Amino acid sequence: MSQSATPEPGPSGLADLDPDGVPAGEPVIVKGTGPALADLLAPLTTGRGGRFVHGYDGEQVYLPGGREPLLYVGSERGVPHHSGFAHPFVGTEPPVPRFLTRETLGAGPWNFRRDVWPLVAKELAFAYYHELITAHPERVRSTWGEFEEAFAGEEWRSVAMRRMIRAAVPRHPDRLDLDRLDRPLHGIRFGDLPGMRKWMRGYLAADLERRSDPEHSADHAMVLALLSVRAVLAGAGVTDPWFREFSDHLAGGPPVSHLEDLRALAAAGVVTFLGADLRVDRYEGRWRAQTSTLPGEVTAAVLVDTGRLAWSPDRAPVPAAGPDPWTRTPRRRPVARNEARFSRILATTPVWGRHPT
């Protein structure tokens, strides 16, 4: 995707973005499904007269105000970050770190996926199954002592380990699948948007259930183990971009209420998910979005990139090259602890949101 070079300003947030620049009733491509998406949605939905209510079944429903844009949302992973937990963790603290320690890491250098990830994954699974077996023994066929001894003695993802987990945990939904958590849309391709819409509705419903129901406290234990893992890696000076994104996806998400709002906005047709491996480029003077999840493409005059810092543009044209006149010095404010990402709006020439006919 080509765009003008711009200076990097200091920290800024979506409060600096002018939502009036996003046209009502027209398609807008949104790149990114992380926490900044929640900050973007508010001024474009409830900020334009829409409101959330509870339906007869208690589910969140969005009543449009009539001035919302049509938001087509995609990203590399294609799904929102997992939400935070709606209930406190009341189980036994996960017995970690057990496998990932400074001693087992050694002095490096490390190839993360080869040398570090097997230890990380084993640590997360250890905490997950510890909580599942000790807090929900009716769903397993093993005592913790039996499982711990067998699990500790096997290499991560070896045939013997997988066989042992299947024997101890009979229900597939109770087994931890880190690959599916990382890339839930991997290998899936829908023939049309309705198929994607139905799948996403089920995905959001399942995530809301798991993050709201104490019966899935093993998920919570795994996230607590993830915090321990991050501390060990930071102490050893181990960094990896993929793991940072994966970690944020599991543990850096918004409150449960955001996913409820997102599901309601999708049901109302304000938000449409495009899927994974989002690619955005310019095509005939507009932005064009394509994914590996859906055939075809979506074009729009406006792109919102939620993975970049925020600028508030004026309504001057965007030149093909050279300094970007849309930038200005942003208002500075403290960055909230959970505010890891910010946004920038980019648009095609000659004015905000509209391409000349």
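Before reading on, note that the structure itself is shown above.
Here is what the cut-offs are and how they apply
- Here the residue index of a chain counts from 1 through its sequence in written order.
- Where local features are concerned, this predicted model is filtered to residues with pLDDT of at least 70; where side-chain atom pairs are given and counted, the filter is 80 or more; whole-chain, interface and lining totals use all residues.
- Side-chain descriptors were evaluated using all non-hydrogen atoms of the structure, hydrogens and water having been removed beforehand.
- Strands are runs of DSSP state E lasting at least two residues, helices are runs of H or I lasting at least four, and both sets are numbered from the N terminus onward.
- Only protein chains enter the calculation, and the probe is 1.4 Å; a residue is then buried if its accessible area is under 20% of its type maximum, exposed if over 50%, and partly exposed in between.
- Note on contacts: a residue pair is in contact if any heavy atoms of the two residues lie within 4.5 Å.
- For accessible areas, the Shrake-Rupley method is used with a probe of radius 1.4 Å. Any residue's cover is judged against the shown protein chains and nothing else.
- For two strands to count as paired, DSSP must find a minimum of two bridges between them.
- The definition of a polar contact used here is a pair of N or O atoms within 3.5 Å, where within protein one atom must be able to donate a hydrogen and the other to accept one, and adjacent residues in sequence count solely through side-chain atom pairs.
- Aromatic contacts are taken between Phe, Tyr and Trp rings whose centres are within 6.5 Å, Trp giving its six-membered ring; a plane angle under 30 degrees counts as stacked, one over 60 as edge-to-face, and the others as tilted.
- Any Lys NZ or Arg CZ that is within 6 Å of a ring centre and within 35 degrees of that ring's normal is treated as a charge sitting over the ring.
- Here, the term nonpolar core denotes a set of buried Ala, Val, Leu, Ile, Met, Phe, Trp, Tyr and Cys residues that are joined through side-chain atoms within 4.5 Å.
- To get an axis, a line is fitted to the C-alpha atoms, and for a helix only the part in contact is used. The angle between two axes follows their N-to-C directions and goes from 0 to 180 degrees.

### Side note on the overall build of the chain
Working step 1: Along the chain, the regular secondary structure elements total 10 helices and 10 strands.
Working step 2: A burial count over the chain gives 47% of its 357 residues as buried.
Working step 3: Once local pairs closer than 6 in sequence are excluded, the contacts in the chain between residues at least 24 apart make up 75%.
Working step 4: Just so you have it, the chain exposes about 16,900 Å², and 53% of that area is on carbon and sulfur atoms.

### Side note on the pairing of strand β4 (residues 70-74)
Working step 1: Among the five residues of β4, four are classified as buried, and the element is accordingly described as predominantly covered.
Working step 2: Pairing geometry for strand β1 (residues 27-31) and β4, over five bridges, is parallel. In the sheet register, K31 faces β4, and the bridge partner there is G74.
Working step 3: Here β4 pairs with strand β5 (residues 271-275) via four bridges, running parallel.

### Overview of the environment of D207
Working step 1: Tracing the sequence through the fold places D207 in helix α7 (residues 193-212).
Working step 2: As for D207 and V256, which are separated by 49 residues in sequence, their C-alpha atoms are 9.1 Å apart.
Working step 3: Engagement of the side chain of D207 in a polar contact is seen with the side chain of H82, the distance being 2.6 Å.

### Structural notes on the packing of aromatic side chains
Working step 1: This model, assessed by the stated rule, comprises 18 aromatic pairs.
Working step 2: Each ring, one from F112 and one from F243, has its centre 5.4 Å from the other, and the planes form 40°; the classification is tilted. Taken together, the positions of F112 in helix α3 (residues 112-135) and F243 in helix α9 (residues 241-251) put the pair 131 residues apart, joining distant regions of the chain. Across the pair, exposure class does not vary: F112 and F243 are buried alike.
Working step 3: With centroids separated by 5.0 Å and ring planes inclined at 90°, the aromatic side chains of W117 and W242 adopt a geometry described as edge-to-face. Pair noted here: W117 is in helix α3 and W242 is in helix α9, with a separation of 125 residues, a long-range link.
Working step 4: Taking the relative accessible area as the measure of exposure, W242 reaches 18% and is therefore buried.
Working step 5: Among the aromatic residues, those joined into a ring-pair cluster are F99, F126, Y128, Y129, W144, F147 and F151.
Working step 6: Over the face of the ring belonging to F99 we find K122, whose NZ or CZ atom lies 4.6 Å from the ring centre.

### Examining the environment of P137
Working step 1: On the secondary structure map, P137 appears in the loop between α3 and α4 (144-152).
Working step 2: When its relative accessible area of 46% is taken as the criterion, P137 is described as partly exposed.
Working step 3: With 32 residues separating them along the chain, P137 and V169 place their C-alpha atoms 10.0 Å apart.

### Remarks on the nonpolar core
Working step 1: With 42 residues, the main nonpolar core has W117, V120, Y129, F147, F151, L233 and F243 as its most contacted residues.
Working step 2: It is α3 that provides the largest number of residues to this core, a total of 13 residues.
Working step 3: Residues contacting W117, with those up to four places away along its chain left out, are F112, L178, W242, F243 and F246.
Working step 4: V30, L185, M196 and A266 belong to the second largest nonpolar core, which has 31 residues in total.

### Description of the sheet that holds strand β7 (residues 286-290)
Working step 1: The strand order across the open sheet formed by three strands is β6-β7-β8, and the pairing between neighbours is antiparallel. Of all the strands in the sheet, the pair left with one neighbour each is β6 (279-283) and β8 (298-300). Direction aside, the axes of adjacent strands within the sheet are offset by 30° on average.
Working step 2: As paired elements, β7 and β8 share three bridges and run antiparallel to each other. Paired with R288 across the two strands is T299, which belongs to β8.

None of the figures reported here should be taken as evidence of function without further support.
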